[in-house]
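So the chains spell out like this:
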Amino acid sequence: MNDIPNQLSYFPGCSLATTAKENNTSLKSFLNHFDIDLSEIEDWNCCGSSSTHSVNSKLALSLAARNLFLAPPNQQVLIACPGCFLRLGYAKMTLNASNEKQTQYEKHFDRPYNKNLELVHFFELLAKMSGKGFFKNLTGRLNGLKIAPYYGCMLARPPSMNKEKNHYGLIENTMATLGGEPIRWPFLSSCCGTFLSVSKPKIAEKLVNRIMKGAIQSGAECIVTACAMCHLNLEIRCKPGNRLPIFHFSELLSLALDKKASKDWFKRHLINPEPLLEKKQLIPCQNGRKSNGFFR
Amino acid sequence: MNGITLDKTAQEFVNQVEELSHSNLSQCWHCLCCSGGCPFSKDMDVLPNSIIRMIQFGMKEQALNSSTIWLCVGCNTCSMECPNAVDMAAIMDALRQMAIRKNAKIAEPGVLAFHNAVVDSISRYGRTHKLEIMMRYKFSEKDLFSDIDLGLKMLSKRKLDLLPSKVKDKKSIQSLFKMSGEVS
């Protein structure tokens, strides 16, 4: 994609469609500002998530494949969830490598397989937008906000996909363009524990609190995540007294555009980011509201 | 001291894992990079690279009974550390699926119960319904109260939707489950 299309197909995935609606709406509103429209893939289904490939590889391929077959041809598919992006990308790679599988699924879905379907991660689109100077007028909007960029396992992929694009550094570069101060810290690609947060909460707690402590010790005022799952885990598994506000990347991008665009999103956070944003004068101060710490 | 006798079944096990995971176990140097990078290795009973050695030694039961295969979340950190492009996460997928099919002793039944709850949700709605997954998991583990405060907080913040987001074409999802064979 050399030029930036103003119409993309969109695969939100279950997290953005439900638990992380604030991620979804802030992303759409951000892209809308630049006249980029997203049309959801009609009747999309779950990418299979971490659980399906754990118990049945064929089912994992089938679930991801249905979305590839549903996507309109000749239109790039934007995906913001790193998990969904990996699952759909892995399915595309598997199908492209096997004529037999392509034929099998073509028969099943009764439509042709489009091996050239382009899957685009939100970060790739951002990198293009940044390269085209889209953010020039936004410099300084996040002035002085000290940010710990957090990628989680997004930067990792299986060896068979190690030639794919790597977006390391994009959060730092973008935030610096907008006037934020990305800090250097050791846990930017340390796993959040994902689904073990449910079945082995002690393990997730250990990982999350190590990440939080690292961010605090590095002088960050907040953490920016690339993944809705990471955002949730960091919020629900950190201990009181060891927590910073956590933003979806798309929220801070939107905040840089319009200081008022954010109220509804931040209300869905378990760690209230508003006191920090008010202190930094990034959102208007609410009269009469006493700041009572980050946790509402 | 007990020696290890390699017999034909050892090679069979290697072949099965290699076929399922599309990887070559002989590429592993046992340099421990995967185990050093793995965020979960401290909680595993066997280090990830030792799992490969166990497979090579034909220690099928021990490998399939390990907690390691269930604590691996597939974050691929090991793949980034590995100098020889061994797909450890795919090997763990293969072992998990073998453990399920062969009715092996599951070291972390709670993790499998969670996976089953997620897949079950996808089979019914085509998408994951987090509240129901949590409820089903908690019932199956008879552990209703450990996260109740958190659950209520998430509900009050509307992080958990009461109703599922659904795929309209339910039949197409069911047909995918049919064509993909049994799920544990």
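In this text, all values refer to a predicted model and were calculated from it rather than measured experimentally.

Conventions we followed
- Residues numbered from 1 in each chain as written.
- Chains lettered and ligands numbered in written order.
- Predicted model: local features only at pLDDT ≥ 70, side-chain atom pairs only at ≥ 80, totals over all residues.
- Heavy atoms only, no water.
- Patch = residues over 30% accessible without salt bridge, like charges linked within 9 Å, V, L, I, M, F, W, Y side chains within 5 Å.
- Areas by Shrake-Rupley, 256 points an atom, 1.4 Å probe, with all protein chains shown as cover.
- Salt bridge = Lys/Arg side-chain N within 4 Å of Asp/Glu carboxyl O.
- Helix = DSSP H or I, 4+ residues; strand = E, 2+ residues; numbered from the N terminus.
- Contact = heavy atoms within 4.5 Å.
- Buried area = accessible area lost by both parts, 1.4 Å probe.
- Nonpolar A, V, L, I, M, F, W, Y, C, P; charged D, E, K, R; others polar.
- Domains from an automatic or database assignment.
- Polar contact = N/O pair within 3.5 Å; in protein donor to acceptor, adjacent residues only side chain to side chain.
- Pairing = 2+ DSSP bridges.
- pLDDT = per-residue confidence, 0-100.

Engineer: Is there a simple way to think about a nonpolar patch on the surface in this case?
Structural biologist: All names here are of chain B. Together, Met 135, Phe 139, Leu 144, Phe 145, Ile 148, Leu 152, Leu 155, Leu 162 and Leu 163 give the surface a local cluster of nonpolar side chains, amounting to about 950 Å² of exposed area. For the nonpolar patch, the secondary structure elements donating two or more residues are α9 (130-140) and α10 (148-156). If you trace the backbone, Leu 152 turns up in helix α10.

Engineer: Hey, could you run me through the interface of chain B and chain A in this one?
Structural biologist: At the junction of the two partners, chain B supplies 59 residues and chain A supplies 58 residues. A combined buried area of about 5200 Å² lies between chain B and chain A, and 61% of that area is made up of carbon and sulfur atoms. Looking only at chain B, the three residues that lose the most surface to chain A are Lys157(B), Lys159(B) and Met179(B), adding up to 14% of its buried area. One can count 6 salt bridges joining chain B with chain A. Note that Lys206(A) is salt-bridged to Asp43(B), the shortest N-O span being 2.9 Å. Of all the secondary structure elements, the ones that give two or more residues to the side of chain B that touches chain A are α5 (68-71), α6 (77-81), α7 (88-101), α8 (109-125), α9, α10 and α11 (170-179) of chain B. Residue contributions to the side of chain B that touches chain A peak at 8 residues, all from α8(B). Residues of the side of chain B that touches chain A, tallied by class, amount to 28 nonpolar, 14 polar and 17 charged.

Engineer: Explanation requested: the domain arrangement of chain A in the structure shown.
Structural biologist: Interface size is commonly expressed as the accessible area that is lost once the parts come together. All names here are of chain A. Domain boundaries in chain A define domain 1 (7-122) and domain 2 (137-279). The centre of domain 1, based on its C-alpha atoms, is set 24 Å off from the matching centre of domain 2. On the domain 1 side of the contact with domain 2, Glu 22, Phe 30 and Pro 82 bury the most area, a combined 28% of that side's loss. In this assembly, domain 1 and domain 2 are joined by 1 salt bridge. In this structure, the salt-bridge partner of Glu 22 is Arg 268, at a minimum N-O distance of 2.8 Å. Counting across the interface, domain 1 meets domain 2 through 9 residue pairs in polar contact (both at pLDDT 80 or more). Broken down by secondary-structure element, the contributors of at least two residues to the side of domain 1 that touches domain 2 are α1 (13-17), α2 (21-33) and α5 (82-96).

Engineer: Explain the sheet that holds strand β6 (residues 181-182) of chain A here, please?
Structural biologist: Paired through backbone hydrogen bonds, the strands of a sheet run either parallel or antiparallel to each other. All names here are of chain A. The sheet built from 4 strands is open, its strands ordered β6-β5-β7-β8 with parallel pairing. Pairing within the sheet leaves two strands with one partner each, and these edge strands are β6 and β8 (246-248). Of the strand pairs in this sheet, strand β7 (residues 222-225) and β8 are connected by 3 bridges, and their pairing is parallel. Looking at β8, one finds that Val 224 is bridged to Phe 247.

Engineer: For this particular structure, what's the right way to read the confidence of the model for chain B?
Structural biologist: Detailed reading of the predicted model is not advised wherever pLDDT is low. Residue-level pLDDT values for chain B average 93, and 97% of them are 70 or greater. No element of chain B has a lower mean pLDDT than α10(B), which averages 90, and none a higher one than α5(B), which averages 98.

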